[in-house]
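# Overview (structure and organization)
Below are the chains, spelled out letter by letter.
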Amino acid sequence: MPFRRTAAVVLSVAELVLLQLRGEEKVLRELHLDRLNSLTKYPSIPTYHALGDRGALLEQNIDFSGEPLLFTEKVDGTNSRVIVLPGGEYVIGSREQLLHAGGDVIFNPAQGIVEVLRETSRLIADGIAVPEGTAIVYYFETFGGKITAASKQYTGTREVSYRLFDIATVPLSRLADDIDRIAAWRDEDGQQFFSEGELLIAAADHGLSVTPRIMPAGPLPEGIDETREWLEVTVPKTLVPLDVQAGGKAEGLVVRTEDRSRIAKIRFEDYRRHFKRNKR
């Protein structure tokens, strides 16, 4: 089958998604879409304290000592992505699946992601020149509405919004690999993420809001109880309420080194559950 360009995979990605939905050449085209999906998925963020049996926290934490750290609010929504390809094509996805390609009339309405991000995706794709052989992936947290059980903490009127939290580049040459090799490459930090400075410049260029940057209440503690108390003081409420009727509770924080070589999440839920278990 002829390739239009390296990034096009087979025909264009937009045509691939449309043909997939129509059921034409489904098996072969789904295979390529599965590879693109796996290549651009956001990797799981480990918890700051390791999780033991049944979600119990262990006195074993990621070592961030000696490094300048960045703290951002962890917004409780759904992980969303915009994959921008050479030539201005783009694909919108959730954490687990691709939902829509630019120019297609049909799309997967899952969690309202496409409706929220479609115009932003077009503006991003129109505003950058992606090098041949590369995809640039913009990762967003889409929140509010009825997206998660915690949506009421951000809105009482079902408002929906999104915040950029990461950007990565991926080599499209990896699409020649099978799914298992792509997943292994991704889990071994194969994706190249923007530094904090690069992320903020890109956000400003596109007029995008990022997840809130947080000034911590002192140095990051090591112990479980100390971390729970520190978290409650550092982020007592969300910084992204969408209306005055929002409940206002925050999910937690993400902490990372400025070059993103180490990253962890610190969620209220994990520490509250641990505290309740130990009181029994």
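Structure: see above.
These figures come from a predicted structure and were not determined experimentally. (Residues numbered from 1 in each chain as written. Predicted model: local features only at pLDDT ≥ 70, side-chain atom pairs only at ≥ 80, totals over all residues. Heavy atoms only, no water.)

### Topic: the pairing of strand β4 (residues 78-84)
Within a regular beta strand, the side chains point alternately toward one face of the sheet and then the other, so they alternate between its two faces. Put simply, the rule reads: Exposure is judged per residue with a 1.4 Å probe applied to protein chains only, and the accessible area is read against the type maximum: over 50% gives exposed, under 20% gives buried, and values in between give partly exposed. Starting at the N terminus, helices and strands are each numbered in turn, a helix being any DSSP run of H or I of at least four residues and a strand any DSSP run of E of at least two. Between any two strands, at least two bridges found by DSSP are needed for them to pair.
Of all 7 residues in β4, 7 are buried; the element is thus mostly enclosed. Judged by which residues are buried, β4 turns out to be covered on both faces: Thr78, Ser80, Val82 and Val84 on one side and Asn79, Arg81 and Ile83 on the other are all buried. Bridging between β4 and strand β7 (residues 134-144) involves 7 bridges; their strand directions are antiparallel. The partner of Arg81 across the bridge, within β7, is Tyr139. Pairing geometry for β4 and strand β5 (residues 90-94), over 5 bridges, is antiparallel. Each bridged residue has a counterpart across the sheet, and for Val82 the counterpart in β5 is Ile92. The antiparallel pairing of β4 with β5 creates a hairpin that spans 5 residues between the two strands, and Gly87 there sits at a positive phi of about 90°.

### What to know about the pairing of β7
Of all 11 residues in β7, 11 are buried; the element is thus mostly enclosed. One ladder, built from 11 bridges, connects β7 with strand β8 (residues 160-171); its direction is antiparallel. Paired with Ile136 across the two strands is Thr169, which belongs to β8.

### Topic: helix α4 (residues 179-187)
Note that an α-helix has 3.6 residues per turn; residues three or four places apart therefore point the same way. Stated precisely, the cut-off is as follows: The directions considered for the arc run from the helix axis to the C-beta atoms.
Among all positions of α4, only Ile182, Ala183, Trp185 and Arg186 are buried. Around the axis of α4, the buried residues are gathered within 160° of arc, so they sit on the same side. Opposite the packed face of α4, turned more than 90 degrees from it, sit the exposed residues Asp180, Arg181 and Asp187.

### Here's the deal with helix α6 (residues 224-234)
Along α6, the residues that are buried comprise Ile224, Thr227, Arg228, Trp230, Leu231 and Thr234. Down the axis of α6, the sector holding all buried residues measures 165°, keeping them to one side.

### So, the pattern of salt bridges
The test is simple: For this analysis, a salt bridge means a side-chain nitrogen from Lys or Arg found within 4 Å of a carboxyl oxygen belonging to Asp or Glu.
On inspection of all chains with the given rule, the structure shows 16 salt bridges. Arg122 is paired through a salt bridge with Asp126; the nearest N and O atoms lie 3.2 Å apart. Taken as a pair, Arg122 and Asp126 lie in helix α3 (residues 113-127) at a separation of 4 residues, close to a single helical turn. Judged by its relative accessible area of 34%, Arg122 falls in the partly exposed class. Using a relative accessible area of 55% as the deciding quantity, one classes Asp126 as exposed. The partner of Asp270 in a salt bridge is Arg267, with the nearest N and O atoms 3.0 Å apart. Across the pair, exposure class does not vary: Asp270 and Arg267 are buried alike. Salt bridges linked by common partners bring Arg267, Glu269, Asp270 and Arg273 together as one network.

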